[in-house]
Structure formats: C-alpha cells, structure tokens
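# Topology and contacts: notes
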Amino acid sequence: MTSITVNGAAYTCRSASQRVSDLVRDLSLEGKRIAIERNGEIVPRSKHAETILVDGDKIEVVAAVGGG
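Read on for a plain summary of the structure. Since we're looking at a predicted model, the values are computed, not measured.

## Observations concerning the environment of Asp-26
- Examined against the element boundaries, Asp-26 turns out to sit in helix H1 (residues 20-26).
- Remark: the alpha-carbon pair of Asp-26 and Gly-56, spanning 30 residues in sequence, is separated by 18 Å.

## Observations concerning the nonpolar core
- One finds Ile-4, Val-6, Cys-13, Val-20, Leu-23, Val-24, Leu-29, Ile-34, Ile-36, Leu-53, Ile-59 and Val-61 forming the largest nonpolar core, which totals 12 residues.
- Elements that contribute at least two residues to this core include exactly strand S1 (3-6), H1, strand S3 (34-38) and strand S5 (58-63).
- A per-element tally of this core places H1 first, with three residues.
- Setting aside its immediate chain neighbours within four residues, Ile-59 contacts Ile-4, Thr-5, Val-6, Asn-7, Leu-23, Ile-36, Glu-37, Arg-38 and Leu-53.

## Quick look at the pairing of S5
- Two elements, S1 and S5, share two bridges in a ladder whose sense is parallel. Of the residues in S5, the one forming a bridge with Thr-5 is Lys-58.
- With five bridges joining them, S3 and S5 adopt antiparallel strand pairing. Note on S5: the bridge partner recorded for Arg-38 is Ile-59.

Rules used throughout
Residues numbered from 1 in each chain as written. Predicted model: local features only at pLDDT ≥ 70, side-chain atom pairs only at ≥ 80, totals over all residues. Heavy atoms only, no water. Helix = DSSP H or I, 4+ residues; strand = E, 2+ residues; numbered from the N terminus. Core = buried A, V, L, I, M, F, W, Y, C linked by side-chain atoms within 4.5 Å. Buried < 20%, exposed > 50% of the residue type's maximum accessible area, 1.4 Å probe, protein only. Contact = heavy atoms within 4.5 Å. Pairing = 2+ DSSP bridges.

This is a description of form; function is not addressed.
Written out as structure tokens, the structure is:
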C-alpha cells in the first residue's frame, strides 16, 4: 500500500496507482475551490487525473476562502 501524508496526517491510499483526482474524490472535495500541493509544488487542476501518488508524498490541500 502507498502511504502519504495529507495536511500533516498519515493517509493510506486505497490503491497503488491512486491519482490526485482520486484523493480529491475520497476526501469529498470535488467541485470545491481548492489547491493541491504535492511535495512543495502546486499540482494544476488539469493534471489531477494524471498525477499518481507515490509512497512518501506530502500533500497539502488548501481551500479558498472568500471575503472582503
């Protein structure tokens, strides 16, 4: 199994070829205004479906907050 860190917490991927888009769905974040950072680099939304998570990845999920 692939073990990663999501926002500082341990997370075990459900498959060895889990993608960022799968993680977003598993975390119930689809359709939300979020940014995903993988090992210090932003993963563009257009790359979520093709970016495979690997053992040891550090993922940060940041939600956009509106306001004035």
